[in-house]
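Now for the letters of each chain:
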Amino acid sequence: MAVVPALPTQCVIWFGEPLRHERAALGAAGWQVRAANADDGIGLRAGDTVVGVLDLRDGSHGCLDRLERLTDDHDYLSLLAVVPGETSHSPARHRVLDQCAAILTAPLDLSRLIQTLGRLAHDPLSNPIHALDALIGASPAMRDIHGTIRKFAPVDLPVLITGQTGTGKDVAARVLHELSVRRHARFAAVNCGALSPNLVQSELFGHERGAFTGANARRTGLFESANGGTVFLDEIGDLPLEAQTNLLRVLQEHSVQRVGSHESIPVDVRVLAATNVDLEAAVAAGKFRNDLFYRLNVLRLHMPPLHERGQDILLLAGHFLSAFRESNPTRARAFSADAQKAMLGFDWPGHVRELINRVQRAAVIANGELISAEELGLCGKPQPPAGDGALDTARESAERETILACLRESGFNISETARRLKVSRVTVYRLCRKHKLDLAQLR
Ligand SMILES: Nc1ncnc2c1ncn2[C@@H]1O[C@H](COP(=O)(O)OP(=O)(O)OP(=O)(O)O)[C@@H](O)[C@H]1O
Ligand SMILES: [Mg+2]
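Residues numbered from 1 in each chain as written. Chains lettered and ligands numbered in written order. Predicted model: local features only at pLDDT ≥ 70, side-chain atom pairs only at ≥ 80, totals over all residues. Heavy atoms only, no water.

(A) Structural view of the overall build of the chain. Helix and strand counts for the chain come out as 19 helices and 14 strands. By the burial criterion, 49% of the 443 residues in the chain qualify as buried. (Helix = DSSP H or I, 4+ residues; strand = E, 2+ residues; numbered from the N terminus. Buried < 20%, exposed > 50% of the residue type's maximum accessible area, 1.4 Å probe, protein only.)

(B) The arrangement of the site of ligand 1 in detail. As a structural note, the neighbourhood of ligand 1 is formed by 18 residues, with Thr165, Gly166, Lys169, Asp170 and Asn413 the closest of them. Between Thr165 and ligand 1, the recorded distance is 2.5 Å, taken from a side-chain N or O atom to an oxygen atom. Separating an oxygen atom of ligand 1 from a side-chain N or O atom of Asn276 is a distance of 3.2 Å. Calculation on ligand 1 without its partners gives an accessible area of 630 Å², and the protein chains cover 85% of this total. If you list the elements that add at least two residues to the shell around ligand 1, you get helix 6 (169-178), helix 12 (312-327) and helix 14 (351-365). A domain split of the shell around ligand 1 shows at least three residues from each of domain 2 (134-302) and domain 3 (307-371). (Near = heavy atom within 4 Å. Polar contact = N/O pair within 3.5 Å; in protein donor to acceptor, adjacent residues only side chain to side chain. Areas by Shrake-Rupley, 256 points an atom, 1.4 Å probe, with all protein chains shown as cover. Domains from an automatic or database assignment.)

(C) Spatial organisation of the pairing of strand 6 (residues 159-162). Residue alternation in strand 6 divides its side chains into two sets, Val159 and Ile161 and Leu160 and Thr162, and both sets are buried. Of the strand pairs in this sheet, strand 6 and strand 12 (residues 299-302) are connected by four bridges, and their pairing is parallel. Residue pairing in the sheet places Val159 in a bridge with Leu299 of strand 12. (Pairing = 2+ DSSP bridges.)

(D) Fine view of the packing of helix 16 (residues 396-409) against helix 18 (residues 425-434). The geometry of helix 16 relative to helix 18 is characterised by a closest axis approach of 10 Å and an angle of 120° between their N-to-C directions. Judged by the inter-axis angle, helix 16 sits oblique to helix 18. For helix 16 against helix 18, the interelement crossing comes out left-handed. Facing helix 16, whose interface residues are Glu396, Glu399, Ile403 and Leu407, helix 18 presents Val428, Leu431, Cys432 and Lys434. A breakdown of the residues in the contact of helix 16 with helix 18 according to their chemical character gives five nonpolar, no polar and three charged. (Axes fitted to C-alpha atoms, helices over the stretch in contact; angles between N-to-C directions. Parallel < 35°, antiparallel > 145°, perpendicular 65-115°, else oblique. Left-handed = near helix turned anticlockwise from the far one by under 90°. Contact = heavy atoms within 4.5 Å. Nonpolar A, V, L, I, M, F, W, Y, C, P; charged D, E, K, R; others polar.)

(E) View of the pattern of salt bridges. Tallied over the entire structure, the rule returns 14 salt bridges. Arg258 is the salt-bridge partner of Glu208, the closest N and O atoms lying 3.0 Å from each other. Here Arg258 lies in the loop between strand 9 (255-256) and strand 10 (265-266) and Glu208 lies in the loop between helix 7 (200-205) and helix 8 (222-225), a separation of 50 residues in the sequence. Arg358 is the partner of Glu354 in a salt bridge, and the nearest nitrogen-oxygen pair spans 3.0 Å. (Salt bridge = Lys/Arg side-chain N within 4 Å of Asp/Glu carboxyl O.)

(F) Spatial organisation of the packing of aromatic side chains. In this structure the tally under the stated criterion is four aromatic pairs. Geometrically, the ring pair formed by Phe187 and Phe232 is stacked, given 6.0 Å between the ring centres and 25° between the ring planes. Of this pair, Phe187 sits in strand 7 (residues 187-191) while Phe232 sits in strand 8 (residues 230-234); the two residues are 45 residues apart in sequence, bridging distant segments of the chain. Just as Phe187 is buried, Phe232 falls in that class too. Ring centres 4.8 Å apart and planes at 90° place the aromatic pair Phe346 and Trp348 in the edge-to-face group. Exposure remark for Phe346: the relative accessible area of 15% places this residue in the buried category. On the accessibility criterion, Trp348 (0% relative accessible area) is buried. (Phe/Tyr/Trp six-rings, centres within 6.5 Å; stacked < 30°, edge-to-face > 60°.)

(G) Structural context of unusual backbone geometry. Going from Ala106 to Pro107, the amide bond is cis rather than trans, its omega being 0°. Within the secondary structure, Pro107 sits in the loop between strand 5 (102-105) and helix 3 (110-122). If you check the backbone angles, Glu235 has positive phi at about 50° while not being a glycine. With respect to the helices and strands, the residue Glu235 is situated in the loop between strand 8 and helix 9 (241-253). A residue is classified by how much of its surface remains accessible, and Glu235, at 11% relative accessible area, is buried. One non-glycine residue, His254, lies in the positive phi region at around 55°. Within the element layout of this structure, His254 appears in the loop between helix 9 and strand 9. For His254, a relative accessible area of 46% translates into the label partly exposed.

(H) Geometry of a nonpolar patch on the surface. A cluster of nonpolar residues, Val155, Leu157 and Val298, forms a patch on the protein surface that exposes about 210 Å² of accessible area. Relative to the elements of secondary structure, Val298 occurs in the loop between helix 11 (290-296) and strand 12. For Val298, a relative accessible area of 46% translates into the label partly exposed. (Patch = residues over 30% accessible without salt bridge, like charges linked within 9 Å, V, L, I, M, F, W, Y side chains within 5 Å.)

Geometric descriptors of this kind do not, in isolation, establish any biological role.
Now the structure itself:
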């Protein structure tokens, strides 16, 4: 392994061999040069700024094998290619050059090289390793997601993030923001389902003094306060129709009108929206504006169900166990073979959030160093009841158990719990209060 410095560094991963004076010039300009020869990785750290240099000057494309072999993450490296000069014999343009952000011709002009590296380093995509780390996964499905995020992030258009509850839509939205040029401005997230229908307009777009009873002072809405940044509208399917009209104005005219005013105030925000309901069906049912749907649905990111991510399940489980161990006492260090098998075979209806909950619960109750399938609650025990009229007939304690089990299974997502129990979200909240289930604590 290469020696990893303590502070985030500017690194050039050089595929091929830099000449001695090139290495020295890069070092003097603050770039650490790592040769991409080692078969055991290049010792990148989250936070490092990394640019890859593909040295194709010898015309052999040998270094491309290394690019393939060395790191699965090379998709995310910003690449600069150095190609033979025009007078040299130059074979057909290699397709890897299409992926390079810059191409320099030999003989290499060192000041140009350093200037170009600097430019690539300030491109947010040159340092995506850190942001994409938040979305753990190496399965083909997740590699696709990483690739798509990388493409969508720098484009200043809305992204509609779909996927079942607990699949990582929030995380994806944050990563999109982090990898965009807006990353130094605000990421303002709001759950449309949690806003009171009376106040949603005012929360999002603000209001003037006296706009309605109780509006004692002017209020700036979320869109205005996130100017320059990203607004993430979670559970967009729950946005009332009137607010949908105003959102359309933001997307079409880049302006908002506060409640009680006709003045258009310019706002510059990128809108990301997420939903775990079928928005097309909501459009068909007249609950969601068709024109808004098309505006939001330009770029779509679909988070795959956890059971489609294969070995990622174990990767994630290991990660959540380590994270738990960092701040909690537990004997558990890893998962037994039967636990791993059970996790790989389970359907994960609550997806990643359910995995976190099961791992944490298992870590608390674990008797030994290895967490068993039983401790994860994956021993073929009957799944909690969820179905028609379950709440109507259940006695008090059974009702509490049913609610709790359903909350757990759906990763404490209220909409999903309500759907499973076939009751309204308000009823779920009411039952939680009745049975003293403190959602914040349970989560
Ligand atoms: N790929 C991942 N790597 C690491 N953590 C993840 C990943 N996906 C999800 N998580 C974690 O799982 C939990 C649920 O994820 P998140 O809140 O993003 O899901 P969601 O799709 O927005 O769910 P909901 O529809 O309920 O809002 C969070 O704690 C999140 O940090
Ligand atoms: Mg979410």
